[in-house]
Amino acid sequence: MTTEKAVAHHWRKFKERYGLVGSKCDSCNSYFFPTSTICPKCRRKGNVKEHSFSGKGKVFSHTTIRVAPEGFEAYAPYVIAIIELDEGAKVVSQVVDCKPEDVKIGMPVEVCFRKIREEGKSGLVLYGFKFKPVL
Amino acid sequence: MNRDVAIVGVGMTKFGEHWKKGLKELITEAGVKAVEDAGISGKDIQLIVGGSMSSGMFVGQEHTGALFTDYLGLSPVPAIRTEAACASSSVALTTGTMAVQSGRYDCVVVGGVEKMTDVYGNLATTALAGAMDRDNEAHFGLTFPGVYALMAQRHMHQYGTTREQIAMVAVKNHENAMHNPNAQFHRKICVESVLKSALVSDPLRLLDCSPIADGAAALILVPAEHAKKYTDTPIYIRASSQASDTLSLYMRPDITTVGATISAVQNAYKQSGLKPEDIHFAEVHDCFTINEIIASEDLGFCKKGEGGRLVQSGETAIGGKIPINPSGGLKAKGHPVGATGAAQAVEIVEQLRGEAGGRQVKGAENGLAHNVGGSGSTVVVHMLSRNRK
Ligand SMILES: [Zn+2]
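Residues numbered from 1 in each chain as written. Chains lettered and ligands numbered in written order. Predicted model: local features only at pLDDT ≥ 70, side-chain atom pairs only at ≥ 80, totals over all residues. Heavy atoms only, no water.

### Examining the overall build of chain B
Reasoning step 1: Helix and strand counts for chain B come out as 13 helices and 11 strands.
Reasoning step 2: Here the C-alpha atoms of chain B give a radius of gyration of 19 Å, agreeing with the 21 Å that 2.2 N^0.38 yields for 389 residues.
Reasoning step 3: Seen through its principal axes, chain B has C-alpha atoms that stretch 55 × 45 × 40 Å.
Reasoning step 4: Here chain B, with 389 residues, has 65% of them falling under the buried criterion.
Reasoning step 5: A sequence separation of at least 24 residues applies to 77% of the contacts in chain B between residues at least 6 apart.
Reasoning step 6: As displayed, chain B has an accessible area near 13,100 Å², and 51% of this comes from carbon and sulfur atoms. (Helix = DSSP H or I, 4+ residues; strand = E, 2+ residues; numbered from the N terminus. Rg over C-alpha atoms; globule rule 2.2 N^0.38 Å. Buried < 20%, exposed > 50% of the residue type's maximum accessible area, 1.4 Å probe, protein only. Contact = heavy atoms within 4.5 Å. Areas by Shrake-Rupley, 256 points an atom, 1.4 Å probe, with all protein chains shown as cover.)

### Things to note about the nonpolar core
Reasoning step 1: By size, the foremost hydrophobic cluster in this structure holds 89 residues, and its most contacted members are Ile83 of chain A together with Tyr148, Ile290, Phe301, Leu368, Val381 and Met383 of chain B.
Reasoning step 2: Taken together, domain 1 (5-120 + 213-235) and domain 2 (131-210 + 238-385) of chain B each give at least three residues to this core, which thus spans both.
Reasoning step 3: Leu93, Val100, Ala345 and Val361 of chain B belong to the second-largest nonpolar core, a separate cluster that totals 32 residues. (Core = buried A, V, L, I, M, F, W, Y, C linked by side-chain atoms within 4.5 Å. Domains from an automatic or database assignment.)

### A few points about the interface of chain A and chain B
Reports of interface size often rely on the accessible area that becomes lost once the parts have come together.
Reasoning step 1: Tallying the contact residues gives 36 residues for chain A and 30 residues for chain B.
Reasoning step 2: Surface buried jointly by chain A and chain B totals about 2,900 Å² across both partners, of which 60% is contributed by carbon and sulfur atoms.
Reasoning step 3: Counting the contacts that link chain A with chain B gives three salt bridges.
Reasoning step 4: Between aspartate 202 of chain B and arginine 66 of chain A there is a salt bridge, and its shortest N-O distance comes to 2.7 Å.
Reasoning step 5: Here chain A is connected to chain B by 18 residue pairs in polar contact (both at pLDDT 80 or more).
Reasoning step 6: Elements represented by at least two residues in the side of chain A that touches chain B include exactly β4 (56-65), β5 (78-85), β6 (90-95), β7 (108-119) and β8 (124-133) of chain A.
Reasoning step 7: The biggest single contributor to the side of chain A that touches chain B is β4 of chain A, with six residues.
Reasoning step 8: Classifying every residue of the side of chain A that touches chain B by side-chain character gives 19 nonpolar, nine polar and eight charged. (Buried area = accessible area lost by both parts, 1.4 Å probe. Salt bridge = Lys/Arg side-chain N within 4 Å of Asp/Glu carboxyl O. Polar contact = N/O pair within 3.5 Å; in protein donor to acceptor, adjacent residues only side chain to side chain. Nonpolar A, V, L, I, M, F, W, Y, C, P; charged D, E, K, R; others polar.)

### A short note on the packing of helix α1 (residues 23-38) of chain B against helix α3 (residues 64-71) of chain B
Residue and element names in this part refer to chain B.
Reasoning step 1: It is at 9 Å that the axes of α1 and α3 come closest, and there the two elements cross at 65°. Crossing angle aside, the handedness with which α1 passes α3 is right-handed. Counting all contacts with α1, which are made through Leu23, Lys24, Ile27 and Thr28, the residues of α3 involved are Leu67, Phe68 and Tyr71. (Axes fitted to C-alpha atoms, helices over the stretch in contact; angles between N-to-C directions. Left-handed = near helix turned anticlockwise from the far one by under 90°.)

### Remarks on the packing of aromatic side chains
Residues and elements named next belong to chain A.
Reasoning step 1: The full count for this structure, using the stated rule, is 11 aromatic pairs over all chains.
Reasoning step 2: When the centroid spacing of 6.0 Å and the interplanar angle of 15° are considered together, the rings of phenylalanine 113 and tyrosine 127 count as stacked. Taken as a pair, phenylalanine 113 in strand β7 and tyrosine 127 in strand β8 lie far apart in primary sequence, 14 residues in all.
Reasoning step 3: Above the plane of the ring of phenylalanine 60 lies lysine 90, whose end atom (NZ or CZ) is 4.4 Å from the centre. (Phe/Tyr/Trp six-rings, centres within 6.5 Å; stacked < 30°, edge-to-face > 60°. Lys NZ or Arg CZ within 6 Å of the ring centre and 35° of its normal.)

### Re the sheet that holds strand β3 (residues 48-52) of chain A
Residues and elements named next belong to chain A.
Reasoning step 1: Taken in spatial order, the three strands make up an open sheet running β2-β1-β3, and their pairing is antiparallel. The open sheet has two edge strands with one neighbour each: β2 (30-32) and β3. Taking the axes of each pair of neighbouring strands and ignoring which way they run, one obtains an average angle of 35° across the sheet.
Reasoning step 2: Where strand β1 (residues 21-25) and β3 come together, five bridges link them in antiparallel fashion. Pairing of lysine 24 across the sheet is with lysine 49, part of β3. (Pairing = 2+ DSSP bridges.)

### Some words on the sheet that holds strand β7 (residues 214-223) of chain B
All names here are of chain B.
Reasoning step 1: Reading across the sheet, the nine strands line up as β3-β2-β4-β7-β1-β8-β11-β10-β9 and stay open at both edges, with mixed pairing between neighbours. Unpaired on one side and paired on the other, β3 (79-82) and β9 (281-283) mark the two borders of the sheet. Ignoring strand direction, the axes of neighbouring strands in this sheet form an average angle of 25°.
Reasoning step 2: Looking at chain direction, strand β2 (residues 47-51) and strand β4 (residues 108-115) are connected through five bridges and run parallel. Bridge assignment links glycine 51 to a residue of β4, and that residue is glycine 112.

### Comments concerning a nonpolar patch on the surface
Reasoning step 1: There is a patch of nonpolar side chains on the surface, built from Val7, Trp11, Phe14, Tyr18, Phe113, Val125 and Tyr127 of chain A and spanning about 700 Å² of accessible area.
Reasoning step 2: Classification of tyrosine 127 of chain A by relative accessible area gives partly exposed; the value is 36%. (Patch = residues over 30% accessible without salt bridge, like charges linked within 9 Å, V, L, I, M, F, W, Y side chains within 5 Å.)

### Points about the domain arrangement of chain B
Residues and elements named next belong to chain B.
Reasoning step 1: Its domain assignment divides chain B into domain 1 (5-120 + 213-235) and domain 2 (131-210 + 238-385).
Reasoning step 2: Taken together, the 42 residues of domain 1 in the interface contact 37 residues of domain 2.
Reasoning step 3: Buried surface at the junction of domain 1 and domain 2, summed over both partners, amounts to about 2,900 Å²; 67% is from carbon and sulfur atoms.
Reasoning step 4: If you sort the residues of domain 1 by the area they bury against domain 2, Phe15, Cys86 and Ile235 come out on top, with a joint share of 25%.
Reasoning step 5: Summed over the shared surface of domain 1 and domain 2, the number is one salt bridge.
Reasoning step 6: In this structure, aspartate 37 engages arginine 353 in a salt bridge whose closest nitrogen and oxygen atoms are separated by 2.9 Å.
Reasoning step 7: Here domain 1 and domain 2 share 10 residue pairs in polar contact (both at pLDDT 80 or more) between them.
Reasoning step 8: Looking at the side of domain 1 that touches domain 2, the elements with two or more residues in it are β1 (5-12), α4 (88-101), β4 and β7.

### Here's the deal with the pairing of β1 of chain A
All names here are of chain A.
Reasoning step 1: In terms of residue burial, β1 counts as a mostly covered element, since five of its five residues are buried.
Reasoning step 2: Direction of pairing for β1 relative to β2: antiparallel, over a ladder of three bridges. Note on β2: the bridge partner recorded for lysine 24 is tyrosine 31.
Reasoning step 3: In this structure, the hairpin formed by β1 and β2 is closed by a connection of four residues, where asparagine 29 is found at a positive phi of approximately 65°.

### Details of the coordination of the zinc ion
All names here are of chain A.
Reasoning step 1: The coordination sphere of the zinc ion contains the protein donors Cys25 (SG), Cys28 (SG), Cys39 (SG) and Cys42 (SG), at a distance range of 2.2 to 2.3 Å.
Reasoning step 2: If you look at the zinc ion, its four donor atoms make angles of 104 to 118° with each other, and the shape they trace is tetrahedral.
Reasoning step 3: One chain supplies every donor for the zinc ion, spaced along it as C-x2-C-x10-C-x2-C. Residue cysteine 25 is located in strand β1, and its partner cysteine 39 is located in the loop between β2 and β3; the two are separated by 14 residues in the primary sequence. Grouping residues by exposure puts cysteine 25 and cysteine 39 together as buried. (Donors = N, O, S within 2.8 Å, 3.2 Å for Na, K, Ca; no water. Tetrahedral: all angles 85-135°; square planar, octahedral: opposite > 155°, others 65-115°.)

In structure tokens, the structure reads:
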């Protein structure tokens, strides 16, 4: 319903969501997600470049969502975590291919490419990154 | 020009499900009560500042600034709508305070409203999710309880805060609400009932969450030097302070603390000249139980990581060293998001006037209000006092 977006809204984010692309600032040597033209630390003085993250990281914090928002009902319960990537940036993502009770702070995870949800009446299927335990 | 500001009138509706009242009835009820409490008339009012988070999604109505004036029958008085998620009406209070401080206006109505219970299914959850980062948090299925659950998980991990300590916040606030006629819940709960309630987003359960509600609250602001014309017990705004942080929780280096709370409160202590030990009670933003624990640390009432032990010690109950949420808080008083900040200020005024009945904090002279938008992307702190200086 009200959250439904035009195709262009999602299309603009393909690179970030399909390739886990964020930014690196060469001035302060920090990484961040999503992409930005200004550095959160140095602002306009930063020297920001696109960066494809390695996709490896650790669980920084996690929760199991049992009351799902619109579009996610079929997936509940599912694990959402803040992942601290090896480069130092953090992202929010689902953790899949494991039981919710197996997810722990500090657990090593790696990126995988999955369906995120279908959106509203248009039925647009959204894909993007999730994370799974490193075996 | 920088004038001191006083609150000379307050009013609020009961919080809860108001099947018989829409936006209009809620706004007029709170507004009329505040005007009558101040003993002013409509022609005295020069500006209206009203908060509403998402009247567009909840009832399909925007342009709520003009609507406030219209509903109160005050046209052509100018009106400003403020929006900062759950801190919307505290931003109305900072804005109204600036308007009086500056010397531009001598009588301002500030307040807030939300009508949340007219929507079906999980639309309320969806509307509230608009307060976080839509593209980088909500997109992946993160919810509002989920955001605070991530903070709780990390707080438990870093400081050993226990699940029982977190539950004690809800138990205390339900106990306080028993004495608040405007509260949504008049029902005592125990730690065990919190721990047995349905999991919403681990480790948070249903009884850790504040309820959606309908409600409105309003206050009348005038310059301090005019205050005694209206009332014998004006309450002075000693600090009015607002700060921002990243919209997304995940971007912050430490999620066991709310950086904007620290920024806002440090500035407020500076403005008021008060210290944490001078604050006699506080209304803090317990949208989820864990946030009261985090706030009690960030506001300076205990050391970082000690918030769980503070609530367990009983010192945050009425009669303790630093009573927190004597009104029942968002948890038990109810949380009509756009009205919450104004209602916190109303509670503090009633406490400082000594009008809080069975929940009165004895001898309170200074009170603090702490209102959070989103996961801490906006934080507003007010310090109110019986004393002008
Ligand atoms: Zn930089």
